[in-house]
Amino acid sequence: MALEHAILVSLDERSGSGYELAQRFEKSIGFFWPATHQQIYRTLKRMVDLAWVSCHEVAQDGRPDKKVYEVTEAGRDELARWLASPGEPETVRSDLAVKVRGASLGDAKAVIAELARHRDLHAERLDVYLAFEKKDFPDPSTLSGRRLHQYLILRGGIRAEQGLVEWCDEALAAMREDDRR
């Protein structure tokens with residue numbers, strides 16, 4: 001997926017400035033498609049050039065005017081084309097997995113420490129996702145359309161983090177046992 005498509009989805013949900021879009025990425029889309037502020041601004045410029053989004057300036061009191069972006073008909077056409085096109089299965093690139101695989105070639109204790117750190121980070125992220133679920137989707141059985149789709153992505157994130165915490169726990173137990181031998 002290109003960053004352009006993630007931005008089209010976000011802007012189609014709600015138009016906004018580059019800053020507002022970057023804030024939304026930090027709180028939602030960025031959990032599964034991260035992008036820096038600079039990447040977002042560069043991509044917005046390219047999308048304006050492609051006529052996928054339009055941009056108009058909004059005057060602000062005591063501050064510089066802000067540029068507000070919204071999806072154009074051409075952008076909706078591109079999004080529809082992309083949504084209907086087949087994609088490749090997801091692949092996972094993981095520095096941690098390569099470190100675990102190569103642990104016997106170096107400092108296994110350092111890899112165990114790194115694994116434990118990752119486990120804690122995944123557990124923290126899982127807690128954040130579970131809090132989002134409780135706050136934003138108290139009754140999933142009533143969801144439809146966009147809200148259902150947002151919920152399903154959140155559930156995917158929850159399941160992924162649960163799986164990563166479980167894998168880290170399994171790997172830590174095995175590597176610690178191996179270290180004791």
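Reading the values: rules and limits
Residues numbered from 1 in each chain as written. Predicted model: local features only at pLDDT ≥ 70, side-chain atom pairs only at ≥ 80, totals over all residues. Heavy atoms only, no water. pLDDT = per-residue confidence, 0-100. Helix = DSSP H or I, 4+ residues; strand = E, 2+ residues; numbered from the N terminus. Buried < 20%, exposed > 50% of the residue type's maximum accessible area, 1.4 Å probe, protein only. Polar contact = N/O pair within 3.5 Å; in protein donor to acceptor, adjacent residues only side chain to side chain. Contact = heavy atoms within 4.5 Å. UniProt positions renumbered as here; feature names shortened; annotations may be inferred.

### Some thoughts on the confidence of the model for the protein
Turning to step 1, where the next piece is worked out: When pLDDT is averaged along the protein, the result is 93; 99% of the residues meet or exceed 70.
Turning to step 2, where the next piece is worked out: Confidence scores differ between elements of the protein, with helix α2 (residues 18-27) showing the lowest mean pLDDT of 89 and helix α6 (residues 108-136) the highest of 96.

### Structural notes on the side chain of Glu 114
Turning to step 1, where the next piece is worked out: Relative to the helices and strands, Glu 114 resides in helix α6.
Turning to step 2, where the next piece is worked out: Looking at Glu 114, the relative accessible area reads 18%, which means it is buried.
Turning to step 3, where the next piece is worked out: Among the polar contacts made by the side chain of Glu 114, one reaches the side chain of Arg 117 at a distance of 2.9 Å.
Turning to step 4, where the next piece is worked out: Residues contacting Glu 114, with those up to four places away along its chain left out, are Leu 96 and Lys 99.

### A short note on the UniProt feature "domain: Transcription regulator PadR N-terminal" (unreviewed entry) in the protein
Turning to step 1, where the next piece is worked out: The feature "domain: Transcription regulator PadR N-terminal" (unreviewed entry), as annotated in UniProt, sits at residues 7-80 in this numbering.
Turning to step 2, where the next piece is worked out: Secondary structure across residues 7-80 divides into 51% helix and 26% strand, with the first and last C-alpha atoms of the span separated by 14 Å.

### Regarding the side chain of Thr 43
Turning to step 1, where the next piece is worked out: By the secondary structure assignment, Thr 43 is in helix α3 (residues 37-49).
Turning to step 2, where the next piece is worked out: Judged by its relative accessible area of 3%, Thr 43 falls in the buried class.
Turning to step 3, where the next piece is worked out: Leaving out residues up to four positions away in the same chain, Thr 43 has contacts with Leu 3, Glu 4 and Ile 7.

### A closer look at the UniProt feature "domain: Transcription regulator PadR C-terminal" (unreviewed entry) in the protein
Turning to step 1, where the next piece is worked out: The feature "domain: Transcription regulator PadR C-terminal" (unreviewed entry), as annotated in UniProt, sits at residues 92-175 in this numbering.
Turning to step 2, where the next piece is worked out: End-to-end, the C-alpha atoms of residues 92-175 are 22 Å apart, and along that stretch the chain is 80% helix and 0% strand.

### A few points about the environment of Phe 32
Turning to step 1, where the next piece is worked out: With respect to the secondary-structure elements, Phe 32 resides in the loop between α2 and α3.
Turning to step 2, where the next piece is worked out: Distance in space between the C-alpha atoms of Phe 32 and Gly 156 is 9.8 Å, their sequence separation being 124 residues.

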